[in-house]
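Descriptive analysis of the structure
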Amino acid sequence: NQYGIKEAIDSLGLSPAELGSSTGSTWIKSTGSEISSHSPADGLLIGKVQASDEKTYLQIRETAQTAFKAWRQVPAPKRGDVVRQLGDALREKKEALGKLVSYEMGKSYQEGLGEVQEMIDICDFAVGLSRQLYGLTMHSERPGHRMYEQYHPLGIVGIISAFNFPVAVWAWNTALAWVCGDVAIWKPSEKTPLTAIACQKITAKVFAENDVPEGVSNLVIGDAQIGQLLSADSHVPLVSATGSTRMGKAVGETVGKRLGRALLELGGNNAIIITPNADLDMSLIGAVFGAVGTCGQRCTSTRRLIIHEDIFDEVASKLKSAYAQLKIGNPLDEKNHVGPLIDTLAVDMYEQSIAKAKAEGAKMIVDGEVLTGDDYASGCYVKPAIFEVKNDYEIVQHETFAPILYLIRYKDLDEAIAIQNDVPQGLSSAIMTRDMRESEQFLSYAGSDCGIANVNIGTSGAEIGGAFGGEKETGGGRESGSDAWKVYMRRQTNTINYTNNLPLAQGIKFEF
Ligand code: UN1
């Protein structure tokens, strides 16, 4: 407990064994299996949680349906005020929650704090938004008619989130959903159930103080089966899912079959193009943080560097010496740069990917290794690795959630952009250049095909103010800022006739 974990857990009000189904302040006992949460930092058991079963899910969904009828009547700015208070509660718990995120998920404490900061930021954003749920007005083609559009609350929003951002992605969805007048049912990753329970407890307190009914914030812990229940449920008009492409395809198919709405934010295969006009020191920081931050487990992690042939050797050797300085170890120890992978399954994937890359002809620049010894007792610590590859290797086309960086050479910018785009995924991308022609080409219609395209910053670390998501196998959804809120609402076009005639649109004559 040298890092104050026990204090953090106590201050978040978590007990060693928890129920995992909740409609707010009420926790429901179900017959679901027990899930044990072990820290990838030291392998120790943090706590046990009970998964939801189908009966409990249905009970929760019914409570959510009733709650929606009440919540949609609360004026949007008042709903915003509740979200403002949630942001304040998160400010108070920032250190404790950031620490638990770091301990349960394995990202560095700094990144844990950063993740809670994203939650606070999206709450602030949502408060402003609660007074800006604007529709347009239009001029009717008919005399004495008025047209406008309204955005109404949608209903229940199902949220399926991943282990890598165990709390922020929930907040991106709920902060918007709640100001939009929706209620939420959250199925967090079964790998990080305790951070989810901590969020639910923080929210329940704020909601109870504001007489927000049970059923506006719901939690169901469980595996893919619970995710399927949520996706198949025609009473859930929107399912927002973040995670692997495999999961997204399953959710998208199930939601699509009932013609529900799915907001999918799936895998990335993100690249930085480093041109001869790049500031190399800056490029190096962007690339190394992008590749090894969160141990390569962000969907925005940098997987590929596409480097001009004239500077390739220089960049590769700078990367090699930067990697030699990386400290790997307990994520709560602030002198470490790289923490563990989420679990030993992820370690297996890391090893298999490296073996595959080598078999396909990858040239080793920094070799990978699974670390052993007292400091690495959880078995989840690995060395970030770098290989020179060709973009068309099968493994390079695939997203491996681990710190493996692939370097690819290019001759001219057209080729670099083509390489950048030539993967099934389309989340985040970046170019490092001080040449305006290069950056504008990269950002143009003929440039990057990703949902996020950056200049002189890396691929990861997006701010909440922009719409977050991407194209192709990334799923096409947009969460968080800009006008992403619109998907959480029901859009209605209204035409009002204030005359005593009934002219038809398009000038159609219909008389009898
Ligand atoms: C994710 O990995 O699912 O842009 C989200 C970033 C973070 C969010 C990542 N703000 O890296």
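Computed from a prediction, not measured in an experiment: that's the story for all the values here.

Quick word on the overall build of the protein
Counting secondary structure elements, the protein contains 14 helices and 24 strands. At 24 Å, the protein has a C-alpha radius of gyration in line with the 24 Å of a compact globule built from 512 residues. With respect to the three principal axes, the spread of C-alpha positions in the protein is 80 × 60 × 35 Å. The buried share of the protein, taken over its 512 residues, is 54%. Of the contacts formed within the protein by residues at least 6 apart in sequence, a portion of 75% connects residues at least 24 apart.

Structural notes on the site of the ligand
Looking at the ligand, the residues that line it are Glu118, Asn164, Phe165, Val169, Thr242, Arg298, Cys299, Thr300, Ser460, Gly461 and Ala462. Counted by class, the shell around the ligand contains 4 nonpolar, 5 polar and 2 charged residues.

Side note on the sheet that holds strand β17 (residues 404-410)
Judged by pairing direction, the sheet is mixed, and its 7 strands sit side by side in the order β15-β16-β17-β14-β13-β19-β20 without closing on themselves. The two strands at the open ends of the sheet, each matched to only one other strand, are β15 (363-366) and β20 (452-455). Ignoring which end each strand starts from, the neighbouring axes of this sheet average 20° apart. Across 5 bridges, the pairing between strand β13 (residues 270-274) and strand β14 (residues 302-308) is parallel. Along β14, the bridge assignment pairs Ile274 with Ile307. The strands touched by helix α11 (residues 312-324) are β13, β14, β15, β16 (385-388) and β17; relative to β15, the strand with the most contacts, the crossing angle is about 50°. Against the sheet, helix α13 (residues 413-421) touches β13, β14, β17 and β19 (428-432), its axis set at about 150° to β17.

Describing unusual backbone geometry
A positive phi angle, close to 55°, is found at Asp211, a residue other than glycine. Along the chain, Asp211 turns up in the loop between α7 (193-209) and β10 (217-220). Given 9 C-beta atoms within 10 Å, Asp211 falls into the exposed group.

Details of the environment of Arg434
Positionally, Arg434 belongs in the loop between β19 and α14 (436-443). For Arg434, a count of 13 C-beta atoms within 10 Å gives the class partly exposed. Sequence separation between Arg434 and Asn277 is 157 residues; the distance between their C-alpha atoms is 5.5 Å. Discounting chain neighbours no more than four positions away, the residues touching Arg434 are Asn277 and Asp279.

Things to note about α11
Across its 13 residues, α11 extends 18 Å between first and last C-alpha, which sits within 8% of the 18 Å expected from 1.5 Å per residue. Among the residues making up α11, those that are buried are Val315, Leu319 and Tyr323. Buried residues of α11, viewed axially, fall in a sector of 70°; they line one side. Among the exposed residues of α11, those oriented more than 90 degrees off its buried face are Asp313, Glu314, Ser317, Lys320, Ser321 and Ala324.

Looking at the UniProt feature "domain: Aldehyde dehydrogenase" (unreviewed entry) in the protein
With numbering matched to this structure, UniProt assigns "domain: Aldehyde dehydrogenase" (unreviewed entry) to residues 27-493. Taken as a whole, residues 27-493 contains 38% helix and 21% strand, while its terminal C-alpha atoms sit 40 Å from one another.

Here's the deal with the UniProt feature "active site" (unreviewed entry) in the protein
With numbering aligned to this structure, UniProt lists the feature "active site" (unreviewed entry) at Glu265. Relative to the assigned elements, Glu265 resides in strand β12 (residues 261-265). Taking the number of C-beta atoms within 10 Å as the measure of exposure, Glu265 has 28 and is therefore buried. Among all residues touching Glu265, those that are not within four sequence positions of it are Thr242, Phe468, Gly469, Thr474, Gly475, Gly477 and Glu479.

A look at α7
When the terminal C-alpha atoms of α7 are compared, their 25 Å separation across 17 residues agrees well with the 24 Å that a helix rising 1.5 Å per residue should span. Among all positions of α7, only Pro193, Leu194, Thr195, Ala196, Ile197, Ala198, Cys199, Gln200, Ile202, Thr203, Ala204 and Phe207 are buried. Asp211 lies just past α7 and shows a positive phi near 55°.

Observations regarding the sheet that holds β12
Two orientations exist for strands paired in a sheet by backbone hydrogen bonds: parallel and antiparallel. The strand order β3-β2-β10-β9-β8-β11-β12 describes an open sheet built from 7 strands, whose pairing is mixed. Of all the strands in the sheet, just β3 (27-28) and β12 have a single pairing partner and so form its edges. Pairing of strand β2 (residues 21-22) with β10 involves 2 bridges; the strand directions are antiparallel. Paired with Ser21 across the bridge in β10 is Val220. In the packing of helix α8 (residues 224-232) onto the sheet, the strands contacted are β8 (156-160), β9 (183-187), β10 and β11 (238-242), and the crossing angle to β9 comes to about 150°.

Considering the packing of helix α3 (residues 76-92) against helix α5 (residues 109-129)
Where α3 meets α5, the axes come as close as 8 Å, and the angle between the chain directions of the two elements is 160°. With respect to α5, the axis of α3 lies roughly antiparallel. When you trace α3 past α5, the crossing you get is left-handed. The segment α3 lies against α5, with Gly80, Val83, Arg84, Leu86, Gly87, Leu90 and Arg91 engaging Val116, Met119, Ile120, Cys123, Asp124, Ala126 and Val127. Each residue belonging to the contact of α3 with α5 can be placed in one class, and the counts come to 9 nonpolar, 2 polar and 3 charged.

Some words on the environment of Ile306
Relative to the helices and strands, Ile306 resides in strand β14. For Ile306, a count of 24 C-beta atoms within 10 Å translates into the label buried. Here the alpha-carbon distance between Ile306 and Trp186, two residues 120 residues apart in the chain, equals 38 Å. Setting aside residues no more than four positions away along its own chain, Ile306 makes contact with Ala271, Ile273, Ile408, Tyr410, Ala416, Ile419 and Gln420.

A word on the packing of α5 against helix α6 (residues 168-179)
Between α5 and α6, whose axes approach to 9 Å, the crossing angle comes to 15°. Considered as vectors, α5 and α6 are oriented roughly parallel to each other. Every pair of crossing elements has a handedness; the one defined by α5 and α6 is right-handed. Packed against α5, whose contacting residues are Glu115, Glu118, Met119, Ile122, Cys123, Ala126 and Leu129, the element α6 presents Ala168, Ala171, Trp172, Ala175, Leu176 and Val179 at the interface. A class-by-class count of the residues in the contact of α5 with α6 yields 11 nonpolar, no polar and 2 charged.

Observations regarding the pairing of β9
Of all 5 residues in β9, 5 are buried, a share of seventy percent or more. Of the two faces of β9, the one holding Val183, Ile185 and Lys187 and the one holding Ala184 and Trp186 are both buried throughout. Inspection of the sheet shows β8 paired to β9 by 5 bridges, in the parallel sense. The residue bridging Gly158 from the neighbouring strand is Ile185, located in β9.

Reading the values: the criteria
- Residues numbered from 1 in each chain as written.
- Predicted model: local features only at pLDDT ≥ 70, side-chain atom pairs only at ≥ 80, totals over all residues.
- Helix = DSSP H or I, 4+ residues; strand = E, 2+ residues; numbered from the N terminus.
- Rg over C-alpha atoms; globule rule 2.2 N^0.38 Å.
- Buried ≥ 20, exposed ≤ 12 C-beta atoms within 10 Å, placed from the backbone.
- Contact = placed C-beta atoms within 7 Å.
- Near = placed C-beta within 6 Å.
- Nonpolar A, V, L, I, M, F, W, Y, C, P; charged D, E, K, R; others polar.
- Pairing = 2+ DSSP bridges.
- Axes fitted to C-alpha atoms, helices over the stretch in contact; angles between N-to-C directions.
- Expected span 1.5 Å × (residues − 1).
- Arc of directions from axis to C-beta.
- UniProt positions renumbered as here; feature names shortened; annotations may be inferred.
- Parallel < 35°, antiparallel > 145°, perpendicular 65-115°, else oblique.
- Left-handed = near helix turned anticlockwise from the far one by under 90°.

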